[in-house]
Amino acid sequence: MTIGILGGGQLGYMLALAGYPLGLHFRFLDPSPEAPVGRIAQRVTAEYTDHSALEKFSNGLELVTYEFENVPVGAARFLAQRVPVYPPPAALEAAQDRLAEKGLFQKLGISTTEFLPISKPSEFAAAVDKLGLPAVLKTSRMGYDGKGQWILHTAEHVAKAKPELPPVKLILERFVPFTRELSVLAVRSRTGETAFYPLVENHHRGGILRLSLAPAPRLEASIQRAAEDVARRVLESMKYAGVLVIEFFEYEGRLLANEMAPRVHNSGHWTIEGAITSQFENHLRAVLGLPLGSTAAAGHCAMVNLIGDLPESAEVLAVPDAHLHLYGKVARPGRKLGHVTLRAASPERLALRLSELPAFFHRPDFCLDAALAHSASARL
Ligand code: AMP
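As the structure is a prediction and not an experimental result, all values here were calculated from the model. (Residues numbered from 1 in each chain as written. Predicted model: local features only at pLDDT ≥ 70, side-chain atom pairs only at ≥ 80, totals over all residues. Heavy atoms only, no water.)

## Details of the site of the ligand
This is how it is decided: Put simply, a residue is near a molecule or strand once any heavy atom of it comes within 4 Å of that molecule or strand. The definition of a polar contact used here is a pair of N or O atoms within 3.5 Å, where within protein one atom must be able to donate a hydrogen and the other to accept one, and adjacent residues in sequence count solely through side-chain atom pairs. Using a 1.4 Å probe, accessible areas were evaluated by the Shrake-Rupley method; residue-level cover was limited to the displayed protein chains. Numbering of helices and strands runs from the N terminus; a helix is a DSSP stretch of H or I covering at least four residues, while a strand is a stretch of E covering at least two. Residue type decides the class: Asp, Glu, Lys and Arg count as charged, Ala, Val, Leu, Ile, Met, Phe, Trp, Tyr, Cys and Pro as nonpolar, and the leftover types, Gly among them, as polar. For the domain bounds, the source is a domain assignment made automatically or taken from a database.
Taken together, 14 residues surround the ligand, and among them R98, K138, V176, E181 and E259 come closest. E173 has a polar side-chain atom sitting 3.0 Å from a nitrogen atom of the ligand. For the ligand, a nitrogen atom lies 3.0 Å from a polar atom in the backbone of R174. Burial of the ligand by the protein chains amounts to 93% of its free accessible area of 470 Å². Elements represented by at least two residues in the shell around the ligand include exactly strand 6 (135–139), strand 8 (170–174) and strand 14 (254–261). Of the residues that constitute the shell around the ligand, the class distribution is 5 nonpolar, 3 polar and 6 charged. Structurally, the shell around the ligand is a two-domain feature, drawing no fewer than three residues from each of domain 2 (114–174) and domain 3 (180–377).

## Describing the environment of Q149
Just so we agree on the cut-off: Should any heavy atoms of two residues lie within 4.5 Å, those residues are considered in contact.
Assignment of secondary structure puts Q149 in strand 7 (residues 149–152). Excluding residues within four positions of it along the chain, Q149 makes contact with R98, V136, L137 and K138.

## Focus on the domain arrangement of the protein
Here is the rule we go by: Accessible area that two parts lose when put together, evaluated with a 1.4 Å probe and summed over both, is termed the buried area. Should a side-chain nitrogen of Lys or Arg be within 4 Å of a carboxyl oxygen of Asp or Glu, the pair is scored as a salt bridge.
Segmenting the protein into domains produces domain 1 (2–85), domain 2 (114–174) and domain 3 (180–377). If you look at the interface, domain 1 gives 21 residues, while domain 3 gives 24 residues. Each partner contributes to the roughly 1,800 Å² buried at the junction of domain 1 and domain 3, and carbon and sulfur atoms together form 71% of this total. Our count for the contact surface shared by domain 1 and domain 3 stands at 2 salt bridges. Of the charged contacts in the structure, one is a salt bridge between R263 and E69, with a shortest N-O distance of 2.7 Å. Residue assignment for the side of domain 1 that touches domain 3 shows that the elements contributing at least two residues are helix 1 (10–19) and strand 4 (63–66). Ranked by residue count, the leading element in the side of domain 1 that touches domain 3 is helix 1, at 7 residues. Taken together, the residues that form the side of domain 1 that touches domain 3 break down as 13 nonpolar, 3 polar and 5 charged.

Quick look at the structure:
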């Protein structure tokens, strides 16, 4: 049985690794001849808009899924006429456009940050006046890892941004002085079965995820329930199949939905070693209509992204409980090249392991202080 995957980056790579024990085969489509999955699976190098390549790609596939959320919706719809495509292309469409995404959240009664659409640069000043400062300006489409995003604290920031506004749809959001960022990994099978992982606490620098702690420290049952309720509404509204991730700001004891990803997610990498069933395996089970695996955590995890450069593998692996994942990508500044997951039986042990990581990790951008502070308080 061969599964087609649109996008050939590290998420696809880890999906395939999770699928091989289930006897699955994989075929990837990616425009880049450098896509990491080429090392481990069939890879078709073609543009997502190339219909004859899509046609050929789909031949003999059981179903198609995606690991990249900016796959053109047209490609997903074209394929859906030939083979089942999960998650539904409508989820892709909503997640690709921040305004459509916020619209979906509002329609489903889900709290989000306050925002205003800016459809042309001349609307910018009025939107800033109305919403107030500080605010975050984002491109409505094609923004990820902090790209296409400006934080506006003062009138000077606004004046500086004004002549530089790209001629695309923008969204202005109120800046939320959140207590922390959390994400929920939810999964719904084609059969309608759902499951939810414990919430994850995420630390970003420059808009890029650096560190995830799972289960989130000081996780109250009411917050977990609230996140599951939000995710369930989205899943059911579109008869979703696969893993869905929703990112939240925790603010004044409430959750505000920031964005969603209709795919496996970086804040779920800890599940490979830290949960009974990984997000990758559960995504595959869900799209195939197989029973879902347990989403329970198997210890306390810290997942650290390796961005731009890599440590010595031997130094990482010398730390007990450390698991290293390298994606086989060429190093470039700002690029996610791999991750390390530390899993321990107790918060105290996790703190000890974090402190044992080599000097490479003790730079501020790894956010280890945040992890150590939580772990040291032994209330994970
Ligand atoms: P996003 O691309 O929307 O996930 O934004 C990337 C990161 O920027 C988030 O994870 C937050 O750390 C920060 N951020 C985005 N929007 C806001 C906001 N409205 N208020 C405060 N911080 C934000």
